[in-house]
Amino acid sequence: MFKPMLAVNCSPARINEPFLASRKMEGVRAEFTPPGLFTRPLKKFNNPWLDFKFNRVDKFCREQGLYTEGEFYIHGVPFNEISSICRRKHHEDTDSIELHLFDMYNPLYGSASFQARAAYIVEALKEMGQSVYLADQTYIDNPVDAKAYYIESLELGYEGACFKRLDGAYKHGRSTLNEGLFLRMKEEETYDGVVVEIIERMENLMPSEINELGKLAKRQDKDMKKGTGLAAVAVVECADFPGEQIRVTLSRKIADYEDRPDIPSRETIWSTRDEFPGRHIRFVGIPVKGMLPRAPRFDAWRTDLD
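Bear in mind that the values here come from a model prediction, so they are computed numbers and not experimental data.

Section: the overall build of the chain
Part 1 of the argument: The helix and strand tally for the chain stands at six helices and 19 strands.
Part 2 of the argument: For the chain, whose C-alpha radius of gyration is 21 Å, the value lies close to the compact-globule estimate of 19 Å for 306 residues.
Part 3 of the argument: Considered along the principal axes of its C-alpha atoms, the chain spans approximately 60 × 45 × 45 Å.
Part 4 of the argument: Taken across its 306 residues, the chain has 44% of its residues classed as buried.
Part 5 of the argument: The long-range share in the chain, meaning contacts at least 24 apart out of those at least 6 apart in sequence, stands at 71%.
Part 6 of the argument: By element, 50% of the accessible surface of the chain is carried by carbon and sulfur atoms, the whole surface being about 16100 Å².
Part 7 of the argument: Once the 43 positive and 48 negative side-chain charges of the chain are each reduced to a mean point, those two points are 5 Å apart.

As C-alpha cells, this is what we get:
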C-alpha cells in the first residue's frame, strides 16, 4: 500500500555520502496518484479547481500508474495563504498556485534510486502542462557543502533544505537517520533582542535578463529600486552579541497585509514603524562560533518583556 515518504531532521554531519539536495518549500504537499490527487494524509483537497488546473499531471499519473509528489507553492507567499487556496472550495486565487515536483514512485520499479526517479521527472515534465516545475536538485556529498546549501536556502526565503540519498529507494513512511533516504536540515537557536530600526522591502525595477546559467535574473542597481510599503527587516540589538546589530528578516509567521493575533502584518509594521524601536523580539538563527548567527529570522514579539 502506498504511503508518502516523510523526512527526518538531521545535522550537517549526516551528509557524508552522495545526496541530491533541494530547497525546502513551506507549501502544501500534493500527491498525484493513479486514483487521483490527494493531500499528504491521502485525503481529497477541498478545492476541486486544483484538479482542473493540474489535470494533465493527474491524467499522466492515472495512465502511467505513477505516484508523483510535489509542493503547491508560491515563493514569498505565506503558508497560511497557500493553505487557504488549497482548502477553500473554488478559491479565486487558485490559478496562482504552482506545483513543484520533487519525487516520483513507480510500483513496477520499487527499488529505483532517487537519481533515476529525479531523471524520470525531468522527462515527464513535458507531459505535465503549465505551472509545473522541477524542484532543482544539487549534488552534495559532505557536511560543509550541506550546511552552506542550507544557509543559502534560508537566505533565499525557503524554509530549509531537504536531502535524498542518491542511490536510495523510495520508502513508504518516514525515513530514519540511519537510512538517510529523506533528510531535512533544521539547525537553529532562539535569541531575544530589542528592535533598533525597521527597514522597508524594496522592489527591483531592473528588467530580467538571461544570466550565465541560462535563467532569468535581475541586476542590482540602488537607483532602480522603489519601496513596497512593507517591512522587510528589523535591525536588532541582542545581549548575546554586545556592540553588534543583527538584521532579522521579518519572514516566517508574518503576512504581507493580514494582521494576526499578536503578529501585525508587514504593511502594519512599516506604517507604524516609529512604534517598534525599543520593542522586544524573539528570533531564530544558525549559530556560528565567534560570529553573529546566520540567517536570523523572526519568531515572535516578546510583549511580556516590553
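Comments concerning the packing of aromatic side chains
Part 1 of the argument: The tally for this structure, following the rule as stated, stands at 15 aromatic pairs.
Part 2 of the argument: Note on F2 and Y170: the rings are 5.9 Å apart at their centroids and 25° apart in plane angle, and the pair reads as stacked. Separated by 168 residues along the polypeptide, F2 in the segment before β1 (5-6) and Y170 in the loop between β10 (160-165) and β11 (173-174) bring together distant segments of the chain.
Part 3 of the argument: Classification of F2 as buried rests on a relative accessible area of 9%.
Part 4 of the argument: Centroid distance F45 to F72: 5.5 Å. Interplanar angle 70°. Geometry classified as edge-to-face. In this pair, F45 sits in the loop between β5 (36-38) and α1 (49-53) while F72 sits in strand β6 (residues 67-73), placing the two residues 27 residues apart along the sequence.
Part 5 of the argument: Here F72 falls in the buried class, since its relative accessible area comes to 0%.
Part 6 of the argument: An aromatic cluster of at least three residues, connected via ring pairs, comprises F2, Y67, Y105 and Y170.
Part 7 of the argument: Looking at K164, its charged tip hangs above the ring of F182, at a distance of 4.2 Å from the centre.
Part 8 of the argument: The ring of W270 has R273 lying over it, and the distance from NZ or CZ to the ring centre is 3.9 Å.

Description of the layout of surface pockets
Part 1 of the argument: Roughly 690 Å³ of volume is contained in the second largest pocket.
Part 2 of the argument: Together, 33 residues line the second largest pocket, and G27, V28, R29, R40 and E71 are the ones closest to its centre.
Part 3 of the argument: Elements with a contribution of two residues or more to the lining of the second largest pocket: β3 (19-24), β4 (28-33), α3 (79-87), β7 (98-105) and β10.
Part 4 of the argument: Split by residue class, the lining of the second largest pocket holds 14 nonpolar, seven polar and twelve charged.

Each value, and the rule that gives it
Residues numbered from 1 in each chain as written. Predicted model: local features only at pLDDT ≥ 70, side-chain atom pairs only at ≥ 80, totals over all residues. Heavy atoms only, no water. Helix = DSSP H or I, 4+ residues; strand = E, 2+ residues; numbered from the N terminus. Rg over C-alpha atoms; globule rule 2.2 N^0.38 Å. Buried < 20%, exposed > 50% of the residue type's maximum accessible area, 1.4 Å probe, protein only. Contact = heavy atoms within 4.5 Å. Areas by Shrake-Rupley, 256 points an atom, 1.4 Å probe, with all protein chains shown as cover. Lys, Arg positive; Asp, Glu negative; His and termini not counted. Charge placed at Lys NZ, Arg CZ, Asp CG, Glu CD. Phe/Tyr/Trp six-rings, centres within 6.5 Å; stacked < 30°, edge-to-face > 60°. Lys NZ or Arg CZ within 6 Å of the ring centre and 35° of its normal. 1 Å grid on protein atoms, 1.4 Å probe; cavity = no way out; pocket = protein on both sides within 12 Å on 5 of 7 lines; lining within 4 Å. Points joined across faces, edges and corners; volume = space filled by probe spheres on them. Nonpolar A, V, L, I, M, F, W, Y, C, P; charged D, E, K, R; others polar.

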